[in-house]
Amino acid sequence: MLDFAIFAVTFLVALVAAIIYLYPSSSKRTTVPGLDPTTKEDGNLSDIERAGSLHEFLLDLHKQFGDITSFWMGRELVISIASPELFKQQQTIFDRPPSLFKLFEPLITSRSIQYANGSEGRSRRQDYDKSFSHDELNTFYDDMNKVANDLTKTLESKVKDEHLSLNQYMFAFAFKSVMTSLMGKVLMDEKEILDFKSNYDHAWSEMEQRLVDPNIPDDDSQRGKAFNRVLKNLKESVNKIIRYRKKHGSKSEDYLLIDRIKDHTGNDDTVYADILTYIVGGFHTTGNLLTWAFYFLASHKEIEKKLVKEIKQVLGDDDVDQGNYTKLKYTRQVLDETLRCAVVAPWAARFQDFDSELGGHKIPKNTPVIHALGVMLQDEKYWPLPNKFDPDRFNEENIKNRPNLVFSPFGFAGKRVCPGNKFAYMEATICLVSLLRKFEFMLVDGQVVQPKYGLVSHPEDDIWVTLSKRK
Ligand code: HEM
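Cut-offs used in this document
- Residues numbered from 1 in each chain as written.
- Predicted model: local features only at pLDDT ≥ 70, side-chain atom pairs only at ≥ 80, totals over all residues.
- Heavy atoms only, no water.
- Donors = N, O, S within 2.8 Å, 3.2 Å for Na, K, Ca; no water.
- Helix = DSSP H or I, 4+ residues; strand = E, 2+ residues; numbered from the N terminus.
- Axes fitted to C-alpha atoms, helices over the stretch in contact; angles between N-to-C directions.
- Parallel < 35°, antiparallel > 145°, perpendicular 65-115°, else oblique.
- Left-handed = near helix turned anticlockwise from the far one by under 90°.
- Contact = heavy atoms within 4.5 Å.
- Disulfide = S-S within 2.5 Å.
- Buried < 20%, exposed > 50% of the residue type's maximum accessible area, 1.4 Å probe, protein only.
- Pairing = 2+ DSSP bridges.
- Expected span 1.5 Å × (residues − 1).
- Arc of directions from axis to C-beta.
- Core = buried A, V, L, I, M, F, W, Y, C linked by side-chain atoms within 4.5 Å.
- Phe/Tyr/Trp six-rings, centres within 6.5 Å; stacked < 30°, edge-to-face > 60°.
- Lys NZ or Arg CZ within 6 Å of the ring centre and 35° of its normal.
- Near = heavy atom within 4 Å.
- Polar contact = N/O pair within 3.5 Å; in protein donor to acceptor, adjacent residues only side chain to side chain.
- 1 Å grid on protein atoms, 1.4 Å probe; cavity = no way out; pocket = protein on both sides within 12 Å on 5 of 7 lines; lining within 4 Å.
- Sits in = over half its atoms within 2 Å of the grid points.

Peer 1: Can you lay out the coordination of the iron atom of the ligand for me, pointing to particular residues and giving the numbers?
Peer 2: The sole protein-derived ligand of the iron atom of the ligand is C418 (SG), positioned 2.3 Å away. Along the chain, C418 falls in the loop between α18 (396-400) and α19 (421-436).

Peer 1: Tell me what's going on with the packing of helix α10 (residues 166-182) against α19, and back it up with residues and numbers.
Peer 2: For the pair α10 and α19, interaxial distance at closest approach is 11 Å and the crossing angle is 125°. Considering the angle they form, α10 stands oblique to α19. As for the relative orientation of α10 and α19, their crossing is right-handed in sense. Listed contacts from α19 to M170, F173, A174, S177, V178, S181 and L182 of α10 are F423, E427, C431 and L435.

Peer 1: Explain the state of the cysteines to me, using residue names and the numbers behind them.
Peer 2: Throughout the structure, instances matching the rule amount to 0 disulfides. C431 carries a free sulfur, and the closest cysteine sulfur to it, the one in C418, is 18 Å from it. Classification of C431 as buried rests on a relative accessible area of 1%.

Peer 1: Before we move on, could you go through the sheet that holds strand β3 (residues 164-165) and cite the residues and values that matter?
Peer 2: Taken in spatial order, the 3 strands of this open sheet run β3-β11-β8, and their pairing is antiparallel. Each edge of the open sheet is held by one strand with a lone partner, namely β3 and β8 (439-443). Pairing analysis gives 2 bridges linking β3 to strand β11 (residues 464-469), with the strands arranged antiparallel. Its bridge partner being in β11, L164 is matched across the sheet by V465.

Peer 1: Let's hear about helix α7 (residues 118-129): which residues, and what values?
Peer 2: Counted at 1.5 Å a residue, the expected span for α7 with its 12 residues is 16 Å, and the 16 Å between its end C-alpha atoms agrees. Within α7 the residues assigned to the buried category are G121, R124, R125, D127 and Y128. Buried residues along α7 cover an arc of 165° about the axis, so they all sit on one side. In α7, those exposed residues whose orientation departs by more than 90 degrees from the buried face are S119 and Q126.

Peer 1: If you had to explain the sheet that holds strand β1 (residues 68-73) to someone new, which residues and values would you point to?
Peer 2: Spatially, the 4 strands line up as an open sheet ordered β1-β2-β7-β4, and their pairing is mixed. The strands lining the two open edges of the sheet, one partner per strand, are β1 and β4 (348-350). With strand direction ignored, the average angle separating the axes of adjacent strands in the sheet is 30°. Two elements, β4 and strand β7 (residues 369-371), share 3 bridges in a ladder whose sense is antiparallel. Bridge assignment links A349 to a residue of β7, and that residue is I370. Each of β1, β2 (76-81) and β7 touches helix α3 (residues 54-65); the most contacted strand, β1, lies at about 135° to it.

Peer 1: Got a sec to walk through the pairing of β11? Specific residues and values, please.
Peer 2: As judged from the 5 bridges shared by β8 and β11, these two strands associate in the antiparallel manner. From the neighbouring strand, F441 faces β11, where its bridge partner is L467.

Peer 1: Kindly report on the side chain of S83, identifying the contributing residues and their values.
Peer 2: The topology assignment puts S83 in the loop between β2 and α4 (84-89). Contacts of S83, omitting those with residues within four sequence positions, involve D67 and M376.

Peer 1: Now, about the nonpolar core: what can you tell me, with residues and values included?
Peer 2: With 136 residues, the main nonpolar core has F71, L107, M183, F294 and F441 as its most contacted residues. When residues of this core are assigned to their parent elements, the largest contribution, 17 residues, is made by helix α14 (residues 268-298). Those residues in contact with F71 that sit more than four places away from it in its chain are L35, N44, I48, L54, F57, L58, L61, E76, L77, V78, S80 and I370.

Peer 1: Before we move on, could you go through the packing of aromatic side chains and cite the residues and values that matter?
Peer 2: Applying the stated rule across the entire model yields 24 aromatic pairs. Consider the rings of F175 and F283, whose centres lie 5.4 Å apart with planes at 90°: the pair is edge-to-face. On the criterion of sequence distance, the pair formed by F175 in helix α10 and F283 in helix α14 is long-range, its members being 108 residues apart. Classification of F175 by relative accessible area gives buried; the value is 2%. Overall, the relative accessible area of 1% leaves F283 in the buried class. Site record: aromatic cluster; members linked through ring pairs are F104, F171, F175, F196, Y200, W204 and F283. The ring of F394 is capped by R402, whose NZ or CZ atom sits 5.1 Å from the centre of that ring.

Peer 1: Tell me what's going on with the site of the ligand, and back it up with residues and numbers.
Peer 2: If you check the shell around the ligand, you find 27 residues, and the closest are R96, R125, R350, R416 and C418. Measuring from an oxygen atom of the ligand, one finds a backbone N or O atom of I113 at 3.5 Å. In the environment of the ligand, a nitrogen atom lies 3.2 Å from a nitrogen or oxygen atom belonging to the backbone of G281. According to the grid-proximity analysis, the pocket containing the ligand is the largest cavity. Elements with a minimum of two residues in the shell around the ligand: α14, β4 and α19. For the shell around the ligand, the element with the highest residue contribution is α14, accounting for 6 residues.

Rendered as structure tokens:
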């Protein structure tokens with residue numbers, strides 16, 4: 001009898017323990033350690049808002065819970081990972097969770113490649129990627145050099161000590177590079193480009209606001225009306241570009257991304273969505289990369305000097321071309337360290353429509369998994385004094401000693417890494433060379449430069465510089 005009682009009690013305790021292990025609390029659907037929802041409706045959205053951004057929230061969360069952690073976006077469980085080993089386990093996954101990027105839908109629309117999964121997404125990517133092949137990229141040097149040299153000429157006409165907004169010039173440069181290389185022609189004058197950027201900035205900050213604040217304004221409210229107005233303006237600009245290319249585009253030696261997108265899908269809405277996605281993906285990110293690069297160089301004069309020395313030694317007075325581009329090794333180190341320090345794109349994400357396993361944990365089907373690229377880029381284990389700007393982290397020796405995937409500023413998974421990664425390096429190199437050989441950049445005194453981490457990270461306010469001509 002006593003034996004039976006002991007058996008029964010032991011059995012019951014084991015059963016309760018198993019239930020607690022498998023279902024740690026009513027809100028948990030996984031054994032991944034992390035936060036319970038603060039409120040049922042919003043999950044941890046208020047915690048994210050308090051942290052300042054999703055990236056800053058993830059930095060804290062990973063510090064607290066380790067390489068794999070979980071939290072709640074509204075009612076949806078989300079996993080986040082930040083280690084080379086876990087990244088490796090996600091390396092073949094293509095599909096992106098639509099829910100995490102839904103708030104950007106008003107701008108790029110639901111047809112965008114951003115949301116295209118499965119075989120349809122793969123086939124679109126494979127086709128569009130031809131516009132970024134080695135041979136295609138080689139055809140862009142002339143146009144990019146021209147855009148950069150035009151900018152240099154414009155800046156030569158500026159008065160000494162004039163305060164110039166780095167952001168404005170870098171965005172205009174990045175915009176024109178994307179347009180001339182991938183979209184055929186810049187149809188816009190300087191004012192139209194700045195209008196496009198200002199409409200875009202408005203739309204982007206409204207969408208980033210919605211990422212942390214679920215109170216979406218009505219269409220009839222002032223904020224809602226202003227948002228719809230800038231969306232309409234952007235749509236008109238992009239449609240003008242498409243109309244022009246349809247009329248004047250060539251199919252033979254000048255077959256560009258815009259033509260590929262147009263021919264791949266007969267659907268006008270998809271054409272519009274993908275053209276806008278590539279314009280936005282191209283100019284916003286690279287504009288920020290360049291803004292941060294010139295900022296870091298202006299505040300680290302010894303690094304700027306070393307860079308200018310390399311440019312002189314490798315190029316003399318020549319432009320960057322396919323023969324000399326890869327010899328600019330220190331320039332590449334500066335760009336890599338800028339991508340790392342500024343955390344230009346802090347996260348990507350994937351999901352699978354079946355139950356899976358990650359880091360020994362069960363991941364319920366359809367759960368978004370965030371690739372915390374930015375957390376990795378600031379991890380002290382791989383980057384001692386992570387806030388220090390030090391391009392030597394990317395010399396051959398140091399690269400060899402770091403695990404693969406720790407540095408993945410363009411994503412790493414499922415043949416869906418950023419399609420524009422080589423394009424971005426090329427364009428940024430050409431801009432640095434053209435401007436640095438002519439000018440020294442100085443920061444206007446009294447500025448406090450603060451990063452604002454969004455889906456793309458940018459300085460909170462414009463960065464102001466003055467230029468002096470290099471002897
Ligand atoms: C500093 C420059 C850039 C950074 C840091 C960056 C970063 C990223 C990241 C992290 C992703 C997500 C990848 C993933 O889901 O795994 C992405 C996607 C994308 N990027 Fe970039 N990017 C940059 C420049 C560009 C350029 C120059 C273009 C176009 C000319 C571009 C177009 C795109 C597009 C279209 C996607 C979505 C692709 C898809 O859905 O399959 N990006 N980028």
